[in-house]
Amino acid sequence: MRMVSNWVMAAGAAASLLASLVASLGAAQAQQTIRVGWTIPAEESKYWMMRRPAEFPDIGKTYNIEWTQFQGTAPMTQALAAGALDCATQAPLSLANGVVGGNLKAYIVAQHVFEKPGGFSVYWAVKDDSPIKTIADLKGKTVGISVIGGGTQGPFNMLLKQNGVDPAKDIKLVEVGFAVSEDALRQGRVDAVNMNQPFAAHAEAKGGIRKLFSLNQAMPNIVHILEACRADFVDKNPELARAYVRDITTGMKKALANREETLKVVSEVLKAPIPVLDTYLLKDNDFGRDPGAAPNFPAIQKMLDIYAETGMLPKMDVAQFKHPTIVAPLQ
């Protein structure tokens, strides 16, 4: 009887251990991790997810996010193509280059910001006392750009070519991140440099610089940054991807509905003072944002057409980036 009793006890312990392992495995599966790339600026929905995760019931419960910061969209394209990221911020040109050069297959699942009429447009600045008065004057000069091959280079190249400047031969193009663009210009390391918010607002308040040209001169209503996920990741993990896109949608709604808290969130991420952010963030002189983070596929198609017409890309159909159901807004 004691042997039977011991066997029953052992069997019970084994069953308990097995149940515990199954429960742990189920919890591990329930809390899958998404590897997400991000950059600055203008990703308020993701900043909310990063800095206020308690506002998103699924984060940390049904799934986790492994955040990795990048200098710009082009390096994230490479990471997506290499399978090192599941989702990331992308520019239309970067994403398209990933398809052409890296055999990347991806879905556009959300959109962060676009240039709206009358709002902010990324621009190139020079010092007030610079002899550079026109785009044509850039010949022979050193020009900074946030990321070579990134989203802003398409319209930048177009504007230079339209004004008789070959971007590959007539200038020295160097990478200068948005965060250090003002210092690079004032210290003379570059003759002209791209400016984005909030760094543009800070530089303008200090004075001593002037706008040379802005991207909306080449391409109005630019979709600057969107959210893309690898197609194989989405296809294999549709519910996980759907939960992530739901939170992107929620994050955008929270960012637009509570500007005061958004100023705090963005300040924490960008390390920029709230008074500087307050001069533009979510105001008329800022980028545009769709309330549901919905991608503007027709506008993205128009951008792809322009890139094709100028020889920067082969002709491409935006339909290849559309998932039938997993796209913002998702509730």
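Heads up: the structure comes first, above all this text.
Residues numbered from 1 in each chain as written. Predicted model: local features only at pLDDT ≥ 70, side-chain atom pairs only at ≥ 80, totals over all residues. Heavy atoms only, no water.

(A) Quick peek at the sheet that holds strand β3 (residues 87-90). Strand order in the open sheet formed by five strands is β2-β1-β3-β10-β4, with mixed pairing between adjacent strands. Two strands lie at the open edges of the sheet, namely β2 (63-69) and β4 (106-114), each paired on one side alone. Neighbouring strand axes in the sheet, compared pairwise and without regard to direction, differ in orientation by 20° on average. As defined by bridge partners, strand β1 (residues 32-38) adjoins β3 across two bridges and the pair is classed as parallel. When the sheet's bridge partners are listed, G37 is paired in β3 with A88. Contacts from helix α4 (residues 92-102) reach β3, β4 and β10 (223-230), with the element oriented near 40° to β10. (Pairing = 2+ DSSP bridges. Helix = DSSP H or I, 4+ residues; strand = E, 2+ residues; numbered from the N terminus. Axes fitted to C-alpha atoms, helices over the stretch in contact; angles between N-to-C directions. Contact = heavy atoms within 4.5 Å.)

(B) Summary view of helix α9 (residues 238-257). With 20 residues, α9 should cover 28 Å at 1.5 Å per step; its first-to-last C-alpha distance of 28 Å lies within 8% of that length. Taken together, the buried positions of α9 are occupied by L240, A241, A243, Y244, V245, D247, I248, T249, G251, M252 and A255. (Expected span 1.5 Å × (residues − 1). Buried < 20%, exposed > 50% of the residue type's maximum accessible area, 1.4 Å probe, protein only.)

(C) The environment of A91, seen in detail. Mapped onto the fold, A91 is located in the loop between β3 and α4. Taking the C-alpha atoms as reference, A91 lies 8.5 Å from E227; in sequence the two are 136 residues apart.

(D) Structural view of the packing of α4 against helix α12 (residues 297-309). Contact geometry for α4 and α12: axes closest at 10 Å, N-to-C directions at 65°. Between α4 and α12 lies a crossing whose hand is right-handed. Contacts between α4 and α12 involve P92, L93 and A96 from the first element and I300, M303, L304 and Y307 from the second. Looking at side-chain class alone, the contact of α4 with α12 contains seven nonpolar, no polar and no charged residues. (Left-handed = near helix turned anticlockwise from the far one by under 90°. Nonpolar A, V, L, I, M, F, W, Y, C, P; charged D, E, K, R; others polar.)

(E) Representation of the nonpolar core. Grouped together as the largest cluster of nonpolar side chains are 66 residues, with contacts concentrated most on W124, L138, F156 and F213. By residue number, the principal contributor to this core is α12, which donates seven residues. The residues touching F213, leaving out its near neighbours within four places in the chain, are Y123, W124, I135, L138, F156, L159 and L160. Ranked by size, the runner-up nonpolar core spans 41 residues in total, among them A201, I248, A255 and Y280. (Core = buried A, V, L, I, M, F, W, Y, C linked by side-chain atoms within 4.5 Å.)

(F) Region of the structure containing unusual backbone geometry. The amide bond that connects I40 to the next residue, P41, takes the cis arrangement and shows omega of 5°. Position of P41 relative to the elements: it lies in the loop between β1 and α2 (44-51). Phi is positive for N221, which is not a glycine, with a value near 60°. Along the chain, the position of N221 falls in the loop between β9 (209-214) and β10.

(G) Expanded view of the state of the cysteines. Overall, the coordinates contain one disulfide when judged by the stated rule. Residue C87 pairs covalently with C229 via a disulfide, S to S 2.1 Å. Between C87 and C229 the sulfur-sulfur dihedral comes to about 105°; the bridge is accordingly right-handed. Of the two residues, C87 is situated in strand β3 and C229 in strand β10; the sequence distance between them amounts to 142 residues. By relative accessible area, C87 is classed as buried at 0%. Assessed through its relative accessible area of 1%, C229 is described here as buried. (Disulfide = S-S within 2.5 Å.)

On their own, these measurements won't tell you what the molecule is for.
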